[in-house]
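Chain and residue survey
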Amino acid sequence: MKKKLLTRRSVLTAGAVAAVGGLTVAGYRSLIAPNSLRILESAEYVTLNAQRALLANQPLAREFGVADMSPTFKANGTTNPESQAYQAMVQNNFSTWRLKIDGLVTNPVNLSMADLKRLPQRTQITRHDCVEGWSAIGKWTGVPLGQLLEKAGMADNARYVVFHCADDYYEAADGSARYYESIDLFDAFHPQTILAHTMNDAPLKVAHGAPLRLRVERQLGYKHAKYLMRIEVTDKLSHLGQGKGGFWPDRGYEWYAGI
Ligand SMILES: Nc1nc2c(c(=O)[nH]1)N[C@H]1C(S)=C(S)[C@@H](COP(=O)(O)O)O[C@H]1N2
Ligand SMILES: [Mo]
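Attention here is on the structure that accompanies the text. (Residues numbered from 1 in each chain as written. Chains lettered and ligands numbered in written order. Predicted model: local features only at pLDDT ≥ 70, side-chain atom pairs only at ≥ 80, totals over all residues. Heavy atoms only, no water.)

Helix H7 (residues 145-152) sits mainly inside the fold: six of its eight residues count as buried. Those residues of H7 lying buried are Leu145, Gly146, Gln147, Leu148, Leu149 and Ala152. Of the residues one or two after H7, Gly153 is the one with positive phi, at around 70 degrees. (Buried < 20%, exposed > 50% of the residue type's maximum accessible area, 1.4 Å probe, protein only. Helix = DSSP H or I, 4+ residues; strand = E, 2+ residues; numbered from the N terminus.)

All right, on to the sheet that holds strand S10 (residues 228-234) then. What the five strands build is an open sheet, ordered S2-S1-S10-S5-S6; its pairing is mixed. The open sheet has two free edges, formed respectively by strand S2 (109-111) and strand S6 (178-184), since each of these has just one partner strand. Mean inter-strand twist for the sheet, computed between neighbouring axes without regard to direction, equals 15 degrees. Pairing of strand S1 (residues 99-103) with S10 involves four bridges; the strand directions are parallel. Each bridged residue has a counterpart across the sheet, and for Gly103 the counterpart in S10 is Val233. (Pairing = 2+ DSSP bridges. Axes fitted to C-alpha atoms, helices over the stretch in contact; angles between N-to-C directions.)

Moving on to the environment of Ala177. With respect to the helices and strands, the residue Ala177 is situated in the loop between strand S5 (160-168) and S6. Note: C-alpha distance between Ala177 and Gly241 (64 residues apart in sequence) is 8.1 Å.

Before going further, it helps to examine the packing of aromatic side chains. In total, this model carries twelve aromatic pairs according to the counting rule given. Between Tyr169 and Tyr179, the ring centres sit 6.5 Å apart and the planes meet at 55 degrees, which makes this aromatic pair tilted. Taken together, the positions of Tyr169 in the loop between S5 and S6 and Tyr179 in strand S6 put the pair ten residues apart, joining distant regions of the chain. The buried category is assigned to Tyr179, whose relative accessible area is 10%. Judged by centre distance (5.1 Å) and plane angle (55 degrees), the rings of Tyr169 and Phe247 are tilted. Here Phe247 lies in the segment after S10 and Tyr169 lies in the loop between S5 and S6, a separation of 78 residues in the sequence. Phe247 gets classed as buried once you look at its relative accessible area, which sits at 1%. Sitting above the plane of the Phe247 ring, Arg251 keeps its charged end 3.7 Å from the centroid. (Phe/Tyr/Trp six-rings, centres within 6.5 Å; stacked < 30°, edge-to-face > 60°. Lys NZ or Arg CZ within 6 Å of the ring centre and 35° of its normal.)

The next subject is the site of ligand 1. Close to ligand 1 lie 22 residues, the nearest being Lys74, Asn76, Asp167, His208 and Lys226. His208 has a polar side-chain atom sitting 2.7 Å from an oxygen atom of ligand 1. Considering ligand 1 on its own, with 530 Å² of exposed area, one finds that the protein chains cover 99% of that surface. With respect to the pocket detection grid, ligand 1 is positioned in the largest pocket. Of the residues contributing to the shell around ligand 1, the split by class is eleven nonpolar, seven polar and four charged. (Near = heavy atom within 4 Å. Polar contact = N/O pair within 3.5 Å; in protein donor to acceptor, adjacent residues only side chain to side chain. Areas by Shrake-Rupley, 256 points an atom, 1.4 Å probe, with all protein chains shown as cover. 1 Å grid on protein atoms, 1.4 Å probe; cavity = no way out; pocket = protein on both sides within 12 Å on 5 of 7 lines; lining within 4 Å. Sits in = over half its atoms within 2 Å of the grid points. Nonpolar A, V, L, I, M, F, W, Y, C, P; charged D, E, K, R; others polar.)

Listed below in structure tokens is the structure:
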């Protein structure tokens, strides 16, 4: 799939085009799973126009029912980050953890878990597909990323959203193997792109990325960054790692890992 370059400005332009195209709010709603409608009722939910534009050409990933949930969900990659800083947060039940959103934003965000849980939430039951050849269906609850990006106020030249994690995938004293990932603004504003703190109705376990991990449902498992510490809005990826936009992309995997 060819990805179009996208800036904050062109998201807004696309919104205008979609509106002219006659895509109604009612039509938009019918595409969304019923349990997410309350998000759209919220007066604070200000990404409707951006989302409507993105939905015009980007379908939702399939959602499943409770009966479809996998009895076990494998933990993969890092399952317990070793750094002292992370382990200290495990000890204090993540009370000192903050989610930071910075970079090309006008209002840098710094939120505690309690702050995040006070925002409108979305729950979705989806299938996770790992390149290593396993899949599992799980239930995720979290905050739509688009909502947080609206709060942060992106600059006109913003193009990518980068997820900085707590773990070094390979032991590297210099931190060179720090896990990170990135997505474009289409996926960032997709309604199923959430920062999940709850998995299968329980607080996210350390093995699955506590306290917060990305769910970006139309892409493969390695894009779903666990152990989120910082989100960076940027216009380029060349300054990170090997410049390919993610830990696995730096090692030869596709940056856009569409399913
Ligand atoms: N920070 C971080 N995120 C990560 C990984 C990792 O090692 N570190 N592994 C990725 C891979 S390959 C997969 S399949 C999923 C696994 O998520 P799970 O442990 O909840 O199954 O997380 C992804 N996100
Ligand atoms: Mo994976």
